Amino acid sequence: MINFGAHFIFEKELQVQSIADSIRVKNPVIASAKNPLYTIQFFPEGGTLVEGIKTTISFKAENIEGNGVEAKGYITSSKGDTVVQFKTSHLGMGSFAFKPDAGTAYKVKVQYKNSSYTPAELPEIYADGYVMNINNLDTNIVTTITANAATMAAHPSGDILLGAKHAGRLYYKQNITLKDGKATVSISKENFPNGIAAITLYDEKLHPHCERLVYVEHKDQEVNVAVTTDKTIYQSKEKVVVNITATDAQQQPVKAALSMAVVDEGIVKRSSTHIISYLNLESEIKGKIEDAAAYFDSKNDHAAEELDLLLRTQGWRSFLW
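Residues numbered from 1 in each chain as written. Predicted model: local features only at pLDDT ≥ 70, side-chain atom pairs only at ≥ 80, totals over all residues. Heavy atoms only, no water.

Enquirer: Hey, could you run me through the overall build of the protein chain in this one?
Expert: Helices and strands together make up the secondary structure of the protein chain, namely three helices and 18 strands. Counting only C-alpha atoms and orienting by the principal axes, one finds that the protein chain spans roughly 75 × 50 × 40 Å. The proportion of buried residues among the 321 residues of the protein chain is 36%. Here the contacts in the protein chain between residues at least 6 apart in sequence split such that 57% fall between residues at least 24 apart. One finds the centroid of the 33 positive side-chain charges in the protein chain at a distance of 2 Å from the centroid of its 37 negative side-chain charges. (Helix = DSSP H or I, 4+ residues; strand = E, 2+ residues; numbered from the N terminus. Buried < 20%, exposed > 50% of the residue type's maximum accessible area, 1.4 Å probe, protein only. Contact = heavy atoms within 4.5 Å. Lys, Arg positive; Asp, Glu negative; His and termini not counted. Charge placed at Lys NZ, Arg CZ, Asp CG, Glu CD.)

Enquirer: Would you explain helix 2 (residues 275-282) in this entry?
Expert: Given 3.6 residues per turn, any residue in an α-helix points the same way as the ones three and four places further on. Those residues of helix 2 that fall on the buried side of the exposure criterion are S277, L281 and E282. For helix 2, the angular spread of the buried residues around the axis is 70°, confining them to a single face. For helix 2, the elements touching its buried residues are strand 15 (195-202) and helix 3 (303-313). (Arc of directions from axis to C-beta.)

Enquirer: Mind showing me how you'd approach the pattern of salt bridges here?
Expert: A pair can form between side chains of opposite charge whenever their charged atoms are brought close. A full pass over the atoms with the stated rule returns seven salt bridges. The shortest N-O distance in the salt bridge between K231 and E238 comes to 2.7 Å. Under the relative-accessibility criterion, E238 is labelled partly exposed at 30%. Residue R312 pairs with D308 through a salt bridge whose shortest N-O separation is 3.1 Å. Taken together, the positions of R312 and D308, both in helix 3 and four residues apart, correspond to about one turn of that helix. For the residue pair R312 and D308, the accessibility class agrees, reading buried in each case. (Salt bridge = Lys/Arg side-chain N within 4 Å of Asp/Glu carboxyl O.)

Enquirer: Sorry, what's going on with the nonpolar core here?
Expert: With 23 residues, the main nonpolar core has Y130, M132, I145, L162, L178, F192 and L201 as its most contacted residues. Each residue touching L162, except ones within four places of it in the same chain, is listed here: M132, T143, I145, Y172, K173, Q174, I176, V185, I187, I199, T200 and L201. Counting 19 residues, the second-largest nonpolar core is a separate cluster that includes Y106, V108, V110 and Y112. (Core = buried A, V, L, I, M, F, W, Y, C linked by side-chain atoms within 4.5 Å.)

Enquirer: Teacher, can you tell me more about the side chain of N67 here?
Expert: Note that N67 resides in the loop between strand 3 (55-63) and strand 4 (71-77). You can call N67 buried: its relative accessible area is 18%. Of the polar contacts made by the side chain of N67, one reaches the side chain of K288; its length is 2.4 Å. Non-local contacts of N67, meaning those with residues more than four positions away in its chain, are made with A61, E62, K288 and E290. (Polar contact = N/O pair within 3.5 Å; in protein donor to acceptor, adjacent residues only side chain to side chain.)

Here it is in C-alpha cells:
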C-alpha cells in the first residue's frame with residue numbers, strides 16, 4: 001500500500017502508559033512556514049468541483065496539533081463579488097453550497113479565532129465531471145447525480161452505475177440513465193447493516209468518479225448490555241461477582257459474545273471512545289477524531305448531523321488516476 005501514498009494507509013495511535021506515577025513531557029510543536037499555526041481544507045461532496053454544478057463543500061479548520069478550531073471566511077470571484085460566506089459549526093468543521101462558474105477564478109480568505117484574514121485555496125475546478133450529493137434521511141439515502149453539458153457530450157448514453165459497499169462487501173447496485181444530466185435515486189437503509197456505507201458512482205466503463213460515506217444506524221438492532229456487581233467496594237484480591245444482562249430494543253434477552261477489561265481508573269483515564277465508535281467509525285476514518293463517542297451519544301440531539309459532517313471532511317474520498 002505504501003506504493004500509493006499515505007492516502008490509502010490506515011493509522012491508529014496507541015498510547016502505552018506505565019503503572020508507576022510519571023510525568024509525560026510532550027515536545028512542543030513549533031509553527032513554521034511549512035507547518036503553520038492554523039490550516040483549513042475544503043472537501044467537495046462526492047470528490048470534485050465541476051463547472052456550472054451547484055454542490056456542497058465541507059471544510060475543516062485545524063490548529064498545529066490537529067484539533068478543530070473556530071474559523072470564518074468568504075469567497076470572492078474574479079468579478080469582485082462575494083459569492084459565499086462561511087463559518088465553522090462543530091469542532092472546526094462546517095459546510096456551504098457553492099456553484100463554480102466557467103471561466104471564473106475564486107479567492108478564499110479565512111479568519112481563525114481572532115487572527116487577521118489569511119488566504120486559502122479551493123480545490124481545483126474541473127470543466128467536466130459528475131457531482132453526487134446525498135441526503136441521509138431516517139430510512140433512505142437520497143442520492144442526486146448531476147453532470148454538466150461537457151460531461152454529457154463525452155458520455156452521450158448517460159448510463160452510470162451506482163454501487164454501495166459496507167466493509168468491502170457489495171450490498172447494493174443499480175444501473176441508472178441520466179436525463180438532461182440529472183438523476184435522483186432513493187436507497188433504502190434496510191440494504192445495509194449498522195456502520196459506514198460507501199456510495200460510489202461509476203461511468204459506463206465502470207470507472208469510479210464519485211464516492212461518499214454515509215452512516216447507517218438501525219436503532220432496533222441495538223443490544224443493551226447491563227453490568228452490575230454484588231458489591232460496590234472490594235478488598236484487594238477479593239472475589240468479584242459480575243452479573244451481565246443483554247437485551248434487544250424490546251428488552252427481550254439476546255445471546256451475546258462479550259469481552260471485558262477491568263482497569264484502575266487512577267492509572268488509565270476514561271477514554272473518549274468505546275467499542276461502537278472504534279469499530280464503526282475510528283477504524284474506517286483516517287486522522288484524529290475528537291471525542292468519537294459523542295457521535296453516538298443519545299443525549300446529543302445533533303449527533304447525526306455532526307457525524308455526517310465528519311464523514312464529509314475526514315471521510316472525504318477522491319480517485320487518483
